[in-house]
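Geometric and topological summary
Here are the chains, one letter per residue:
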Amino acid sequence: MFSVITTSPEQTWHIGQMLGARLAAGDTVCLYGDLGAGKTSFSYGIALGLDVKEQYITSPTFTFVNEYEGRVPFYHIDLYRLHDPGELEGIGFGEYINSDGVTVIEWAERAEDELPAECFSVYLTSVDENSREIGFLVEGERYEKLLAELQADLKKDRIR
Ligand code: ADP
Ligand code: MG
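Structure report, in brief. Just so we're clear, the structure is a prediction, and the values are computed from it rather than from any experiment. (Residues numbered from 1 in each chain as written. Chains lettered and ligands numbered in written order. Predicted model: local features only at pLDDT ≥ 70, side-chain atom pairs only at ≥ 80, totals over all residues. Heavy atoms only, no water.)

A word on the site of ligand 1
The local shell around ligand 1 holds 17 residues, among which T12, G36, K39, T40 and S41 are the closest. At 2.6 Å, a side-chain N or O of T12 approaches a nitrogen atom of ligand 1. Between ligand 1 and the protein, one listed contact pairs an oxygen atom with a backbone N or O atom of G36 at 2.7 Å. Protein contact buries 75% of the 570 Å² of open area that ligand 1 shows by itself. At the level of secondary structure, the elements contributing two or more residues to the shell around ligand 1 comprise α1 (9-22) and α2 (39-49). Sort the elements by how many residues they give to the shell around ligand 1 and α2 lands first, with 3 residues. Looking at the shell around ligand 1 residue by residue, the class counts come to 3 nonpolar, 9 polar and 5 charged. (Near = heavy atom within 4 Å. Polar contact = N/O pair within 3.5 Å; in protein donor to acceptor, adjacent residues only side chain to side chain. Areas by Shrake-Rupley, 256 points an atom, 1.4 Å probe, with all protein chains shown as cover. Helix = DSSP H or I, 4+ residues; strand = E, 2+ residues; numbered from the N terminus. Nonpolar A, V, L, I, M, F, W, Y, C, P; charged D, E, K, R; others polar.)

Rendered as structure tokens:
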């Protein structure tokens, strides 16, 4: 796993934005981490990188999925309140995988076997009040290339 430390929410947005700028329709980003680890903050950054104009990117807590217009559609899923993977069918979860847009899933572990075989996985951990460790783990050629590009972006910005 490759990881970096951010020391402010803005820095977490910035990294999300760098990733978002490189994402394309059909990509899935899986986010892992406890409450307050920064999953929604990172998602907000991805939205910026996708040129989503709406200002208020909030967790779709009561609906599971929020859809935004951007350079490509942005589907923001939050499974915090999912009790059973069986509920996924009811929200049309499968239709957001390999879709016409970019899909970001908070609490991805709650989808268990319904996740795509390949995912751009991001693990967020609280280090202290303002520091978060952000780890990246990818599978498949497409996401390996994306991660290599993101690593180059991070290096350019001297983020480590
Ligand atoms: P989650 O979606 O994982 O529950 P949020 O992004 O909603 O997390 O909340 C993260 C909280 O932590 C916010 O209140 C944010 O201001 C705070 N925070 C402090 N430092 C950071 C950081 N380095 N990166 C992201 N969020 C941070
Ligand atoms: Mg959240």
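Things to note about helix α3 (residues 141-156)
Look at α3: 23 Å from first C-alpha to last across 16 residues, which is about the 22 Å you get at 1.5 Å a residue. Along α3, the residues that are buried comprise Y143, L146, L147, L150, D153 and L154. For α3, the arc enclosing every buried residue in end-on projection is 115 degrees, short of the 170-degree limit, so these residues lie on one face. With respect to the buried face of α3, the exposed residues turned more than 90 degrees away are E141, K155 and K156. On the buried face of α3, the contacting elements are β1 (2-6), α1, β2 (28-32), β6 (120-128) and β7 (131-138). Where α3 terminates, the next one or two residues include R158, which has phi positive at roughly 55 degrees. (Expected span 1.5 Å × (residues − 1). Buried < 20%, exposed > 50% of the residue type's maximum accessible area, 1.4 Å probe, protein only. Arc of directions from axis to C-beta. Contact = heavy atoms within 4.5 Å.)

Overview of the pattern of salt bridges
Under the criterion given, the structure shown has 4 salt bridges. Put simply, R142 and D27 hold a salt bridge, and the shortest N to O gap is 2.6 Å. You can see R142 sitting in helix α3 and its partner D27 sitting in the loop between α1 and β2, a full 115 residues away along the chain. Among the residues examined, D27 registers a relative accessible area of 4% and is labelled buried. Residues joined by salt bridges that share partners form a network here, namely R22, K145, E149 and D153. (Salt bridge = Lys/Arg side-chain N within 4 Å of Asp/Glu carboxyl O.)

Some points on the sheet that holds β6
An order of β1-β7-β6-β2-β5-β4-β3 is seen for the 7 strands of this open sheet, with the pairing classed as mixed. Here the strands that pair on one side only, and so sit at the sheet edges, are β1 and β3 (65-68). Between one strand axis and the next, the sheet turns through 20 degrees on average, direction left out of account. Across 4 bridges, the pairing between β2 and β6 is parallel. Each residue of the ladder has a partner; that of L31, found in β6, is V122. (Pairing = 2+ DSSP bridges. Axes fitted to C-alpha atoms, helices over the stretch in contact; angles between N-to-C directions.)

Describing the coordination of the magnesium ion (ligand 2)
Surrounding the magnesium ion (ligand 2) are the protein donor atoms T40 (OG1) and E106 (OE), which sit 2.2 Å from the metal. Separated by 66 residues along the polypeptide, T40 in helix α2 and E106 in strand β5 (residues 102-106) bring together distant segments of the chain. Given the relative accessible area of 24%, T40 is considered partly exposed. (Donors = N, O, S within 2.8 Å, 3.2 Å for Na, K, Ca; no water.)

By themselves, these are just geometric observations and shouldn't be taken as functional.
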